[in-house]
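One-letter residues, chain by chain:
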Amino acid sequence: GVKLGFTSKAKMAQMGVSEVIVGRLTDAMRIGDGAELDLSDLIHPRVEPEVAFRLSEHVDPDDPTTDIESCVDAVAPALEVIDSRYQDFRFTVTDVVADNTSAAAYAVGAWRPLGDVANKAVRLRTPQREAVGSTAAILGAPLAALHALLAICRKRRIPLAPGQIVLAGAA
């Protein structure tokens, strides 16, 4: 599947960009239910809570009538592990795109029928700390990330197929 980056207005402003970026997800990056991630393979990993969408139909970027929301059959909570080759995650937009948008690994929770995921509370808790956020941090609403993805797919010729996962960005 794919993952989106720079879906936060604050991160866009920090990086001086006005467009989200897209990275690739592979099966090798997937952390299965109950599996452990070997952190020794990573440089300085961070974890982000995300909203995941599952595509049920082929998304045709050449079809101007494509309704990307209708190509989604399910939504799930997800965690993305980001990791950067750049020290302290200090990079240019070109650097981070070349680094596959810092994508390292991901885990997806239980799939549910697509419903309203706008402005839902998100809590990420570890033994050391707790962070609270909202799905509204994802371009105002996670479904807006799908529309941004479609625009990029049209511009960059990125195909999207049934069964692929879309990570909408950090909440």
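Computed from a predicted structure; not experimentally measured. (Residues numbered from 1 in each chain as written. Predicted model: local features only at pLDDT ≥ 70, side-chain atom pairs only at ≥ 80, totals over all residues. Heavy atoms only, no water.)

K.L.:
When you look at the overall build of the chain in this model, what are you seeing that I'm missing?
P.N.:
Secondary structure summary: the chain contains three helices and nine strands in total. The N-to-C order of helical and strand elements in the chain reads β-α-β-β-β-α-β-β-β-β-α-β. For the chain, whose C-alpha radius of gyration is 15 Å, the value lies close to the compact-globule estimate of 16 Å for 171 residues. By principal-axis analysis of the C-alpha atoms, the chain measures approximately 45 × 35 × 30 Å. Burial status across the chain gives 42% buried among its 171 residues. A sequence separation of at least 24 residues applies to 69% of the contacts in the chain between residues at least 6 apart. Side chains of the chain give 18 positive and 22 negative charges; the mean places of these two sets differ by 5 Å. (Helix = DSSP H or I, 4+ residues; strand = E, 2+ residues; numbered from the N terminus. Rg over C-alpha atoms; globule rule 2.2 N^0.38 Å. Buried < 20%, exposed > 50% of the residue type's maximum accessible area, 1.4 Å probe, protein only. Contact = heavy atoms within 4.5 Å. Lys, Arg positive; Asp, Glu negative; His and termini not counted. Charge placed at Lys NZ, Arg CZ, Asp CG, Glu CD.)

K.L.:
How should I be thinking about the pattern of salt bridges in this particular structure?
P.N.:
In a structure, side chains of opposite charge can pair up when their charged atoms sit close to one another. Per the stated rule, a full pass over the model turns up six salt bridges. As a salt-bridge pair, Asp-73 and Arg-54 come within 3.0 Å of each other at their nearest N and O atoms. Remark: Arg-54 occurs in strand E3 (residues 46–55) and Asp-73 occurs in strand E4 (residues 72–82); sequence separation between them is 19 residues. You can call Arg-54 partly exposed: its relative accessible area is 26%. For Glu-130, the salt bridge is made with Arg-123, and the minimal N-O distance between the two is 2.9 Å. (Salt bridge = Lys/Arg side-chain N within 4 Å of Asp/Glu carboxyl O.)

K.L.:
Quick question: what am I supposed to make of the packing of aromatic side chains here?
P.N.:
The geometry of an aromatic ring pair is captured by the separation of the ring centres together with the interplanar angle, meaning the angle of the planes. Under the defined criterion, the tally for this structure stands at zero aromatic pairs. One cation-aromatic arrangement involves Arg-54 over Trp-111; the distance from NZ or CZ to the ring centre is 5.1 Å. (Phe/Tyr/Trp six-rings, centres within 6.5 Å; stacked < 30°, edge-to-face > 60°. Lys NZ or Arg CZ within 6 Å of the ring centre and 35° of its normal.)

K.L.:
Looking at this structure, how should I read the pairing of E4?
P.N.:
Side-chain positions along a regular strand alternate between the two faces of the sheet. Counted residue by residue, E4 has eight buried out of 11 residues, so it is predominantly covered. Both E3 and E4 contribute to a ladder of 10 bridges, which runs antiparallel. Opposite Leu-55, over in E4, you have Val-72 as the bridge partner. Pairing analysis gives two bridges linking E4 to strand E6 (residues 112–113), with the strands arranged antiparallel. The partner of Ala-74 across the bridge, within E6, is Pro-113. (Pairing = 2+ DSSP bridges.)

K.L.:
Please clarify how the nonpolar core should be interpreted in this entry.
P.N.:
Burial of nonpolar side chains together is a common tendency in soluble globular proteins. Ranked by internal contacts, the top residues of the largest apolar core, which has 36 residues, are Phe-53, Leu-149 and Leu-160. Contributing elements (two or more residues each) for this core: strand E1 (2–5), helix H1 (9–15), strand E2 (21–24), E3, E4, helix H3 (142–156) and strand E9 (165–170). A total of seven residues in this core trace back to one element, the largest contributor, which is H3. Discounting chain neighbours no more than four positions away, the residues touching Leu-149 are Val-2, Leu-4, Val-22, Ile-68, Leu-160 and Val-166. Counting eight residues, the second-largest nonpolar core is a separate cluster that includes Ala-52, Ala-78, Tyr-106 and Leu-167. (Core = buried A, V, L, I, M, F, W, Y, C linked by side-chain atoms within 4.5 Å.)

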